[in-house]
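Structural overview for review
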Amino acid sequence: FKSVGGNPVVFDRVKGAYAWDVDNNKYIDYILSWGPAILGHADDEVLANLKQQLAKGTSFGAPCALENELAKLVIDAVPSVDMVRFTNSGTEACMGMLRLARAFTGR
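Scoring rules and cut-offs
- Residues numbered from 1 in each chain as written.
- Predicted model: local features only at pLDDT ≥ 70, side-chain atom pairs only at ≥ 80, totals over all residues.
- Heavy atoms only, no water.
- Phe/Tyr/Trp six-rings, centres within 6.5 Å; stacked < 30°, edge-to-face > 60°.
- Helix = DSSP H or I, 4+ residues; strand = E, 2+ residues; numbered from the N terminus.
- Buried < 20%, exposed > 50% of the residue type's maximum accessible area, 1.4 Å probe, protein only.
- Lys NZ or Arg CZ within 6 Å of the ring centre and 35° of its normal.
- Pairing = 2+ DSSP bridges.
- Axes fitted to C-alpha atoms, helices over the stretch in contact; angles between N-to-C directions.

Any aromatic ring pair is given by two values, namely how distant the centres are and how the planes are angled relative to each other. If you walk through the whole model with that rule in mind, you get 2 aromatic pairs. Consider the rings of Phe11 and Tyr27, whose centres lie 5.5 Å apart with planes at 75°: the pair is edge-to-face. With Phe11 in strand E1 (residues 11-15) and Tyr27 in strand E3 (residues 26-28), this residue pair connects regions lying 16 residues apart in the sequence. Looking at Phe11, the relative accessible area reads 45%, which means it is partly exposed. Residue classification places Tyr27 among the partly exposed positions, given a relative accessible area of 30%. Relative to Trp20, the ring of Tyr18 has its centre 6.4 Å away and its plane inclined at 50°; by these criteria the two rings are tilted. The exposure class of Trp20 is buried, given its relative accessible area of 15%. In this structure, Lys26 packs its charged tip against the face of Tyr18, placed 4.2 Å from the ring centre.

The structure is reproduced here in structure tokens:
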């Protein structure tokens, strides 16, 4: 913060449209994680569903039924998409794309 002045705000918790810093000052969060938190932070319904799903496990390392449901939603939402493949990193996604391109071109 040397070039812009002031001190950074260190946040402790968030709920709904609000954020509290470590000194318990309350702020309105106009950013909401740049879009992903459109329902607000720590929405009770989202937390309940998340807790239910987390009880089943956090990572399978293999396909699961919810991935298939999400893939269908993506395909239905984006007319140019015929197939979806999920990966666990950008590197894995790029390697898969390169394999696909090599297979398609025969190189």
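Back to the write-up after that little detour.
The strand order across the open sheet formed by 3 strands is E1-E2-E3, and the pairing between neighbours is antiparallel. A single partner strand is all that each edge strand has here, and the edge strands are E1 and E3. Along the sheet, successive strands turn relative to each other by an average axial angle of 25°, direction set aside. The sheet contact formed by E1 and strand E2 (residues 18-21) spans 4 bridges and is antiparallel. Across the sheet, the residue bridging to Val14 is Ala19, located in E2.

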